[in-house]
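Fold and geometry: a report
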Amino acid sequence: MENKQLYIAYGSNINLEQMAFRCPNSKVVGTSEIKDFKLEFRGVATIVPKENASVPVLIWKLDERDLPILNRYEGWPRLYRQEKMEFELNGKTFEGMAYLMNRGTISPPSPRYYNTILQGYQENRLDESYLETALENSIYHEQLMEEIDEDYGFDDDLQMKF
């Protein structure tokens, strides 16, 4: 596997059409899951540690020629960082690289971004309930924050009104 690394995609990069355009030299290896993590939206997708949870992922054999383009798309190293993670594929354990968000607050994705990921879930026959749960959690969180702002008199700068 010279000049290639395994890349773990869980968000918009599971969309085959998008990745074919962005990373034309890279190929799908298969599907797997990352254990003890959950999918979360912070406007865009990330995964965060959560015991006894899992996230369905698409594994790519990433050609080094595609890495600079993928890094730019992911906003590496400012928005996302690269982390090595283990996953199982065909009964064997492998290590791959995933992009994890450096910071941000839970917030829903745009409909277009969500639908790009949904298409990827459908194309790769991944369980859509994980994606739906992440969306529901982000919408609930946003509504909860709005209620807190109203109930406690926070303005846009999150300062109390007296």
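You'll find the structure just up there.
Everything numeric in this text was worked out from a predicted model, so none of it was measured.

1. Regarding the nonpolar core
In globular proteins that are soluble, nonpolar side chains generally tend to be buried together. In this structure, Tyr 7, Leu 39 and Phe 41 are the most contacted members of the largest nonpolar core, which totals 40 residues. Counting residues per element, the ones that place at least two in this core are strand 1 (4-9), strand 2 (27-41), strand 3 (45-63), helix 2 (67-74), strand 4 (80-89), strand 5 (92-101), helix 3 (111-123) and helix 4 (129-152). Per-element accounting of this core gives the leading share, eight residues, to strand 3. When near neighbours in sequence (up to four residues on either side) are disregarded, Tyr 7 contacts Asn 13, Met 19, Leu 58, Ile 59, Trp 60, Leu 62, Leu 70, Glu 74, Met 97 and Tyr 99.

2. With respect to the pairing of strand 2
Note that strand 2 and strand 3 share 13 bridges and pair antiparallel. Note that in strand 3 the partner of Phe 37 across the bridge is Pro 49.

3. Here we look at the side chain of Glu 74
Mapping Glu 74 onto the fold places it in helix 2. Although Glu 74 is buried, it forms no salt bridge, and the closest oppositely charged side chain is Arg 22 at an N-O distance of 5.7 Å.

4. Concerning the pairing of strand 3
Burial runs high along strand 3: 14 of the 19 residues are buried. Sheet analysis places strand 1 next to strand 3, joined by six bridges and oriented antiparallel. If you follow Gln 5 over to strand 3, its bridge partner there is Leu 62. Count of turn residues in the strand 2/strand 3 antiparallel hairpin: three residues, of which Gly 43 carries a positive phi of about 85°.

5. A closer look at helix 3
Taking 1.5 Å per residue as the helical rise, helix 3 with its 13 residues ought to reach 18 Å, and the 18 Å between its terminal C-alpha atoms agrees with that figure. Looking one or two residues past helix 3, Arg 125 carries a phi angle of roughly 55°, positive in sign.

6. Remarks on the packing of aromatic side chains
Evaluated as defined, the whole model comprises three aromatic pairs. Ring geometry for Phe 41 against Tyr 114: centres 6.3 Å apart, planes inclined by 55°, an arrangement best described as tilted. Residue Phe 41 is found in strand 2, and its partner Tyr 114 is found in helix 3; the two are separated by 73 residues along the sequence. Phe 41 gets classed as buried once you look at its relative accessible area, which sits at 0%.

7. Details of the environment of Asp 63
Locating Asp 63 in the fold gives a position in strand 3. Classification of Asp 63 by relative accessible area gives buried; the value is 5%. In the structure, Asp 63 is positioned 40 residues away from Cys 23 in sequence and 7.9 Å away in space, judged by C-alpha atoms.

8. What to know about helix 2
Along helix 2, the residues that are buried comprise Leu 67, Leu 70, Asn 71 and Glu 74. One side of helix 2 holds all its buried residues, which, seen down the axis, span an arc of 100°. Directly after helix 2, the chain includes Gly 75, whose backbone phi takes a positive value near 70°.

Calculation criteria
- Residues numbered from 1 in each chain as written.
- Predicted model: local features only at pLDDT ≥ 70, side-chain atom pairs only at ≥ 80, totals over all residues.
- Heavy atoms only, no water.
- Core = buried A, V, L, I, M, F, W, Y, C linked by side-chain atoms within 4.5 Å.
- Buried < 20%, exposed > 50% of the residue type's maximum accessible area, 1.4 Å probe, protein only.
- Helix = DSSP H or I, 4+ residues; strand = E, 2+ residues; numbered from the N terminus.
- Contact = heavy atoms within 4.5 Å.
- Pairing = 2+ DSSP bridges.
- Lys, Arg positive; Asp, Glu negative; His and termini not counted.
- Salt bridge = Lys/Arg side-chain N within 4 Å of Asp/Glu carboxyl O.
- Expected span 1.5 Å × (residues − 1).
- Phe/Tyr/Trp six-rings, centres within 6.5 Å; stacked < 30°, edge-to-face > 60°.
- Arc of directions from axis to C-beta.

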